[in-house]
Each structure stands twice: as C-alpha cells, then as structure tokens.
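Notes for the structure review
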Amino acid sequence: MAGRDRPHFIGGNAVENNLVFFPSSAILGGIDKWPAAFFARGLWDYAASLQGTVESYRRVRGPKELVVVRAPHPYEVWPGEEQGRVRERMVAFATGVIQGRNSIAGGRPWRDMKELVATSSDVWEASTKPTVVP
C-alpha cells in the first residue's frame, strides 16, 4: 500500500542522512548546551510562535540575541533596511562570539514580550502598508 513505509523512510533519512523531512523540536532538545544562539524572526511568523522563540532564547546560557522585525516568516519579504539591520546584528554577534565576548554591544535589550516587540524598528513589510488614504 502507498504510504505504509513513509514513517520508516522519514526516520531512516533522519538517522542515516541527517535529513529532517518534517522539522520537529528535536534539534532544540539540547539548546541549553549550545554555546551561543542568534535568532531573527518576523513578528507575525506563521511557522512558529514568538513565545516559542522566546522560550528557546531563555534556555541558551551563553551569548544570545533575538532580533524581531515587523514582517511575516520569510526573510526574503522583509524590507531591505530590516534585512540589512539583521545582517549587521548577525555579523556583530558572530564576531563577538568568536572573540569570546559574553555580551554583544549594539543589541536592543528587553525583559518581557511587550519590550521585545517594542525593539522592532518602525519599518513595515510592504503588504501591511495602507492602500486607502483617510
């Protein structure tokens, strides 16, 4: 029957080829052991909740940064200036980690979800711009 071996195919690929056919939380199972982590995401990401990203962020013990953008999931549709801001933060973060720093200058600190959302720049992804002038 078609599909009866599908779970074996998916599991075999994950074990033998390190290919994850259907992403799961397995990769995050050891996030508390990661030496550092950089997260960048759109605030209305349809693939994962902001709460899940915040929880992953909190579990990392080493240097970490979470950058949010007023946009959906795919980086490719983010406004150009926001893509540039994320790239700059990513390079600063990677450089700091390689140099052994525990904190990376230039980040936007936050303590709770409201403050995190407030760290996003006042730049909106194109599909959210109003088309009718009041």
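Before going into details, it helps to say that this report is about the structure given with it. Along each chain, residues carry numbers from 1 onward, in the same order as the chain's sequence is written. Selection of residues for local features in this predicted model requires a pLDDT of at least 70, selection of side-chain atom pairs for listing and counting requires 80 or more, and totals for whole chains, interfaces and linings are taken over all residues. Computation of side-chain values: all heavy atoms of the structure, hydrogens and water removed.

Helix and strand counts for the protein chain come out as 4 helices and 2 strands. Where helices and strands are cited, they refer to DSSP runs of H or I of at least four residues and of E of at least two residues respectively, numbered from the N terminus. Going from the N terminus to the C terminus, the protein chain shows its helices and strands as α-β-α-β-α-α. The globule rule used here is 2.2 Å times the number of residues to the 0.38 power, and the radius of gyration it is set against is calculated over C-alpha atoms. Relative to a compact globule of 134 residues, whose C-alpha radius of gyration would be 14 Å, the protein chain shows 18 Å and is clearly more extended. Projecting the C-alpha coordinates of the protein chain onto the three principal axes gives extents of approximately 60 × 50 × 25 Å. Expressed as a percentage of its 134 residues, the buried residues of the protein chain come to 31%. Should any heavy atoms of two residues lie within 4.5 Å, those residues are considered in contact. Summarising the internal contacts of the protein chain: among those between residues at least 6 apart in sequence, 64% fall at separations of at least 24. Areas reported here follow the Shrake-Rupley algorithm with a probe of radius 1.4 Å; residue values treat only the protein chains shown as occluding. Summed over all atoms, the accessible surface of the protein chain reaches about 9300 Å², with 58% contributed by carbon and sulfur. Per-residue accessibility, obtained with a 1.4 Å probe over protein chains only, is compared with the maximum for each type, and a residue is labelled buried under 20%, exposed over 50%, and partly exposed between these values.

Put simply, buried Ala, Val, Leu, Ile, Met, Phe, Trp, Tyr and Cys residues joined by side-chain atoms within 4.5 Å make one nonpolar core. One finds Ile 31, Ala 37, Phe 39, Leu 43, Leu 50, Val 54, Tyr 57, Val 60, Leu 66, Val 68, Trp 110 and Leu 116 forming the largest nonpolar core, which totals 12 residues. The contacts of Phe 39, once residues within four sequence positions are left out, are Ile 31, Thr 53, Ser 56, Tyr 57, Glu 65, Leu 66 and Val 67. Grouped together as the second largest cluster of nonpolar side chains are 5 residues, Val 67, Val 69, Ala 71 and Trp 78 included.

Our next topic: the packing of aromatic side chains. Within 6.5 Å between ring centres, the rings of Phe, Tyr and Trp (the latter by its six-membered ring) count as paired, and their orientation is classed by plane angle as stacked under 30 degrees, edge-to-face over 60, tilted in between. Under the definition given, this model contains 5 aromatic pairs. In this structure an aromatic cluster arises from ring pairing among Phe 39, Tyr 57 and Trp 110. A ring is considered to have a charge above it if a Lys NZ or an Arg CZ atom is located within 6 Å of its centre and within 35 degrees of its normal. Seen from the ring of Tyr 57, Lys 64 lies directly overhead, with NZ or CZ sitting 4.8 Å from the centre.

Turning next to the pairing of strand S1 (residues 37–44). Regular strands have side chains that alternate between both faces of the sheet. Paired strands, in this sense, are two strands between which DSSP finds at least two bridges. Sheet analysis places S1 next to strand S2 (residues 64–72), joined by 7 bridges and oriented parallel. Bridge pairing in S2 places Gly 42 opposite Val 69.

A separate point is helix H3 (residues 80–98). In this analysis, the expected span of each helix is defined as 1.5 Å times one less than the number of residues it contains. For H3, built from 19 residues, the straight-helix expectation of 27 Å at 1.5 Å per residue is met to within 8% by its first-to-last C-alpha distance of 27 Å. Along H3, the residues classified as buried are Glu 82, Gln 83, Gly 84, Arg 85, Val 86, Arg 89, Phe 93 and Gly 96. At the C-terminal side of H3, Gly 100 shows a positive phi close to 80°.

Here we come to the side chain of Ser 120. Structurally, Ser 120 can be placed in the segment after helix H4 (113–118). For the purposes of these results, a polar contact is taken to be a pair of N or O atoms within 3.5 Å, where, inside protein, one atom must be able to donate a hydrogen and its partner to accept one; residues adjacent in sequence count only when each atom of the pair is a side-chain atom. Of the polar contacts made by the side chain of Ser 120, one reaches the side chain of Arg 70; its length is 3.0 Å. Within the structure, the side chain of Ser 120 is placed 2.8 Å from the backbone oxygen of Val 117, a separation counted as a polar contact. Other than its neighbours up to four places away in sequence, Ser 120 contacts Leu 43, Val 68, Arg 70, Arg 85 and Arg 108.

One side-chain nitrogen of Lys or Arg within 4 Å of one carboxyl oxygen of Asp or Glu is enough to make a salt bridge. Inspection of every chain in the model, using the stated rule, returns 7 salt bridges. Of the charged contacts in the structure, one is a salt bridge between Arg 41 and Asp 45, with a shortest N-O distance of 3.8 Å. Given the relative accessible area of 5%, Arg 41 is considered buried. Residues joined by salt bridges that share partners form a network here, namely Asp 32, Lys 33 and Arg 61.

Spatial relationships are all this shows, so hold off on functional conclusions.
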